[in-house]
Amino acid sequence: MLNDAHCHFFSSQFFSTLSRQGGRGDSVASLCQELQWDDPGSPESLADRWVQELDTQGVARSALIASVPGDEASVAAAISRHPGRFVGFFMIDPGAADAVDRATNAIATQGLRVACLFPAMHHVALTDPRVERVVAAVAAHPGTALFVHCGVLSVGVRKKLGLPSRFDLSLGDPLSLTPLALAFPSLPFIVPHFGAGMLRETMMAADACPNIHVDTSSSNSWIRYAPGWTLQGVFSTAMSVLGPSRILFGTDSSYFPRGWQRGVYESQKAAVTAAKINASDQGLIFGENFERLFPIKA
Ligand SMILES: [Zn+2]
């Protein structure tokens with residue numbers, strides 16, 4: 001069983017929000033043309049395209065991340081169309097006045113399950129009380145989780161479009177996640193990309209907080225920040241500190257025509273095999289952990 005814990009849903013609303021943020025006023029079609037990406041069309045047709053892609057690639061289920069604040073409805077449409085295939089994630093800015101209401105509505109009404117924080121992007125520290133209020137709203141509903149982007153943050157599509165991205169990377173320290181994770185011990189926390197460069201801090205935080213998980217997604221090119229790091233070594237380290245039940249496979253797939261990133265899967269598969277992670281632990285990492293955290297809703 002293969003489940004992908006990290007895929008983005010680049011909807012029309014996502015592109016129009018980027019266009020607005022950049023003060024450009026381009027249509028979705030012209031932005032997509034500039035990027036040489038396919039126009040996503042309606043959320044329903046994009047959801048259908050993803051299902052077709054997952055079928056082709058042999059992927060059972062995947063996360064779909066609403067990748068700008070305010071795009072919950074696009075992912076809600078996708079998951080209501082294919083409830084057995086997608087788990088809804090949504091980016092939220094805890095500094096927004098309506099953050100608590102949005103998070104509650106996304107979970108209780110729209111059927112999404114995971115709120116995603118990007119402290120470096122939104123300039124709200126993880127220790128800020130506004131964050132705790134959002135997390136409390138998420139934790140009030142069973143079956144939810146919190147995704148917290150830590151470490152280096154670089155959003156490819158923003159770069160390509162020349163959008164201002166004044167990220168404060170110092171706000172993405174995994175150690176600053178520990179008071180929050182300890183305050184909500186039954187809420188699973190997911191730190192993507194093994195902490196995106198802050199591997200040691202992520203391991204320290206996860207060692208202190210048994211509810212902190214990592215996802216393995218992306219090319220993990222942050223391994224170049226330290227001498228001698230390899231993906232195999234990263235998997236071995238995560239296995240020794242977190243064990244096999246708190247590591248979730250992901251790719252960070254996002255747009256078409258590229259589609260699902262099989263190359264990311266293959267390099268991770270090679271790394272776990274080289275790290276001598278046994279078949280049953282690989283089963284947890286590549287699918288069963290996702291299934292346990294996000295069972296198909298009855
Ligand atoms: Zn991502």
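Note: the structure precedes this text.
Rules used throughout
Residues numbered from 1 in each chain as written. Predicted model: local features only at pLDDT ≥ 70, side-chain atom pairs only at ≥ 80, totals over all residues. Heavy atoms only, no water. Phe/Tyr/Trp six-rings, centres within 6.5 Å; stacked < 30°, edge-to-face > 60°. Helix = DSSP H or I, 4+ residues; strand = E, 2+ residues; numbered from the N terminus. Buried < 20%, exposed > 50% of the residue type's maximum accessible area, 1.4 Å probe, protein only. Donors = N, O, S within 2.8 Å, 3.2 Å for Na, K, Ca; no water. Pairing = 2+ DSSP bridges. 1 Å grid on protein atoms, 1.4 Å probe; cavity = no way out; pocket = protein on both sides within 12 Å on 5 of 7 lines; lining within 4 Å. Points joined across faces, edges and corners; volume = space filled by probe spheres on them. Nonpolar A, V, L, I, M, F, W, Y, C, P; charged D, E, K, R; others polar. Salt bridge = Lys/Arg side-chain N within 4 Å of Asp/Glu carboxyl O. Right-handed = clockwise from strand over helix to strand, strands pointing away. Contact = heavy atoms within 4.5 Å.

Peer 1: Mind showing me how you'd approach the packing of aromatic side chains here?
Peer 2: Aromatic rings considered in pairs are described by the distance between their centres and by the relative angle of their planes. By the definition in use, this model includes 19 aromatic pairs. Taking 6.1 Å as the distance between ring centres and 20° as the angle between the ring planes, the aromatic pair formed by F10 and W37 counts as stacked. In this pair, F10 sits in the loop between β2 (8-9) and α1 (12-21) while W37 sits in the loop between α2 (28-35) and α3 (43-57), placing the two residues 27 residues apart along the sequence. Centre to centre, the rings of F249 and Y265 are 5.7 Å apart; their planes meet at 75°, and the pair counts as edge-to-face. Within this pair, whereas F249 is found in the loop between β9 (247-248) and α12 (262-274), its partner Y265 is found in helix α12, the two being separated by 16 residues in sequence. Like F249, the residue Y265 is buried in the burial classification.

Peer 1: Hey, could you run me through the coordination of the zinc ion in this one?
Peer 2: The textbook angles at a metal center are 109.5 degrees for a tetrahedron of four donors and 90 or 180 degrees for an octahedron of six. In the first shell of the zinc ion, the protein supplies H6 (NE2), H8 (NE2) and D252 (OD), at 2.1 to 2.2 Å from the metal. Counting along the primary sequence, the residues that act as donors to the zinc ion give the motif H-x1-H-x243-D. H8 shares its class with H6; the two are buried.

Peer 1: Teacher, can you tell me more about the pairing of strand β3 (residues 61-66) here?
Peer 2: Look at any regular strand and the pattern is simple: side chains alternate between the two faces of the sheet. Burial analysis of β3 places six of its six residues in the buried class, the great majority of the element. Burial along β3 is two-sided: the residues R61, A63 and I65 and S62, L64 and A66 are all buried. Alignment of strand β1 (residues 3-4) against β3, held across two bridges, turns out to be parallel. Looking at β3, one finds that N3 is bridged to R61. Judged from the two bridges that link them, β2 and β3 form a sheet pairing that is parallel. Counterpart to F9 in the pairing with β3 is A66. In the sheet, β3 pairs with strand β4 (residues 86-91) via five bridges, with the strands oriented parallel.

Peer 1: How do you make sense of the layout of surface pockets when you look at a structure like this?
Peer 2: In this approach a probe as big as a water molecule rolls over the atoms, and the regions it shows empty are the leftover space. Considered as a void within the structure, the largest pocket measures approximately 1,000 Å³ in volume. In terms of lining residues, the largest pocket is bounded by 46 residues, among which L153, S154, V155, G156 and D252 are the most central. Those elements that provide at least two residues to the lining of the largest pocket are α1, β3, α6 (119-122) and α8 (156-160). The element best represented in the lining of the largest pocket is α8, accounting for four residues. For the lining of the largest pocket, the per-class residue count stands at 22 nonpolar, 17 polar and seven charged.

Peer 1: Please explain the pattern of salt bridges as it appears in this structure.
Peer 2: Two side chains with opposite charge may pair up if their charged atoms get near one another. All told, the structure shown has 11 salt bridges when counted by the stated rule. D38 is the salt-bridge partner of R49, the closest N and O atoms lying 2.8 Å from each other. Highlighted residues: R49 in helix α3 and D38 in the loop between α2 and α3, separated in sequence by 11 residues. Taking relative accessible area as the criterion, D38 reaches 30% and is therefore assigned partly exposed. In this structure, a network of salt bridges that share partners links the residues R24, D26 and E34.

Peer 1: What should I look at first to understand the pairing of strand β8 (residues 212-215) in this one?
Peer 2: Alternating positions in β8 separate into two faces, I212 and V214 on one and H213 and D215 on the other, with burial throughout. For strand β7 (residues 189-191) and β8, the ladder comprises three bridges, and the chain directions are parallel. Residue pairing in the sheet places V191 in a bridge with V214 of β8. Taken together, β7, helix α10 (residues 199-208) and β8 form a β-α-β motif whose crossover is right-handed. Taken together, the two bridges between β8 and β9 define a ladder with parallel strand orientation. Residue pairing for β9: V214 is matched across the bridge by I247. At this point the chain moves from β8, through helix α11 (residues 231-242), to the parallel β9, and the crossover so formed is right-handed.

Peer 1: I tried to follow the environment of E201 on my own but got confused; where do I start?
Peer 2: Among the structural elements, E201 can be located in helix α10. Taking relative accessible area as the criterion, E201 reaches 15% and is therefore assigned buried. It is 22 Å that separates the C-alpha atoms of E201 and V155, two residues lying 46 residues apart in sequence. Each residue touching E201, except ones within four places of it in the same chain, is listed here: D173, P174 and L175.

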